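Inside the fold
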Amino acid sequence: MSGSGRGTGSRRRAVVGLATAGLLAPPAMIGLAAAPAQAAGSWCGGLQGPYQKQAERFLGLPADGVQTAADCREIRSFQASHGIQPQYGYAGPVTWKVMKTVKRQEAAGRQPNQAGSCPVNKGRIACVDLTRQISWIQDGAELRKGPVPVRTGRNGHETRTGLYKIYWRNRHHVSTLYDSKMPYSQFFDGGEAFHAISGSVWSEPGSHGCVNMRTADAKAYWKLLRHADDVYVYGRKPGT
């Protein structure tokens, strides 16, 4: 079910993959998209995408908007660490969209609730900000976990906003609707739950409504949250 720093090195460590295939390849690269993965991993053709300057700035490179071999390698490294396909160093719309998401998540820092959008008078509460695609756990005014990146509902299956309570937990849940594993599921609104996924929390188009998490984050939420703890979902996921 559905559910940093400016240096390139820290960005490579910050995130796990994004499985969005074929959307960032220009016409000249369409024939190359079918190349073996080994060849793709070592190839850098110097093709310049429409978001070249933005990608350079994001990665801390000289932002002149001109693709160099070094630029290509750094962009390709970012694509590889996020699982973006194909990995040719082309700064297309998918790559730039992921970079923007990461920027919003990084900006949250250690004060994700600085705007006071998530209520802190509820005791233990899990907050989900759809706009920034992040979640965290508060215990009153104390930040207990996060913020962590999440993947919420796609267009047409948006994660519903509002104040809820965790009503059912199943560590080894399997969706009967989608026949997919949902480890560390914690349901808070109908079929919507926090749960781990094996793929990327940055992959498009999104979940079927659940709040998808990296496995380590889902495990931490499992340990920190209990039945009847509050969950507050707000904002709007970009593109929905």
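We now turn to the structure provided with this report. Keep in mind the model is a prediction, meaning the values are calculated, not measured.

1. Concerning the nonpolar core
By size, the foremost hydrophobic cluster in this structure holds 21 residues, and its most contacted members are Phe188, Phe194 and Tyr221. Looking at which element gives the most residues to this core, the answer is helix α6 (residues 215–224), with 4 residues. Filtering out sequence-adjacent residues up to four positions away, phenylalanine 188 remains in contact with Tyr164, Lys165, Ile166, Tyr167, Ala193, Phe194, Val211, Val231 and Val233. If you look at the next biggest cluster of nonpolar residues, it comprises 16 residues, including Ala55, Ile75, Ala91 and Val98.

2. A closer look at the sheet that holds strand β6 (residues 181–189)
As summarised here, the arrangement of the 4 strands in space is β5-β6-β7-β8, forming an open sheet in which the pairing is mixed. Unpaired on one side and paired on the other, β5 (168–174) and β8 (211–213) mark the two borders of the sheet. Strand-to-strand twist of the sheet, defined as the mean angle between neighbouring strand axes without regard to direction, takes the value 20 degrees. Sheet analysis places β5 next to β6, joined by 6 bridges and oriented antiparallel. Bridge assignment links histidine 173 to a residue of β6, and that residue is methionine 182. Those strands touched by α6 are β5, β6, β7 (192–196) and β8, and its axis lies near 50 degrees from that of β6.

3. Points about helix α4 (residues 69–82)
For α4, spanning 14 residues, the distance from its first C-alpha to its last is 20 Å, which sits close to the expected 20 Å at 1.5 Å a residue. For α4, every residue scored as buried is listed here: Asp71, Cys72, Ile75, Arg76, Phe78, Gln79, Ser81 and His82.

How each quantity is defined
Residues numbered from 1 in each chain as written. Predicted model: local features only at pLDDT ≥ 70, side-chain atom pairs only at ≥ 80, totals over all residues. Heavy atoms only, no water. Core = buried A, V, L, I, M, F, W, Y, C linked by side-chain atoms within 4.5 Å. Buried < 20%, exposed > 50% of the residue type's maximum accessible area, 1.4 Å probe, protein only. Helix = DSSP H or I, 4+ residues; strand = E, 2+ residues; numbered from the N terminus. Contact = heavy atoms within 4.5 Å. Pairing = 2+ DSSP bridges. Axes fitted to C-alpha atoms, helices over the stretch in contact; angles between N-to-C directions. Expected span 1.5 Å × (residues − 1).

The analysis is restricted to geometry; functional conclusions fall outside its scope.
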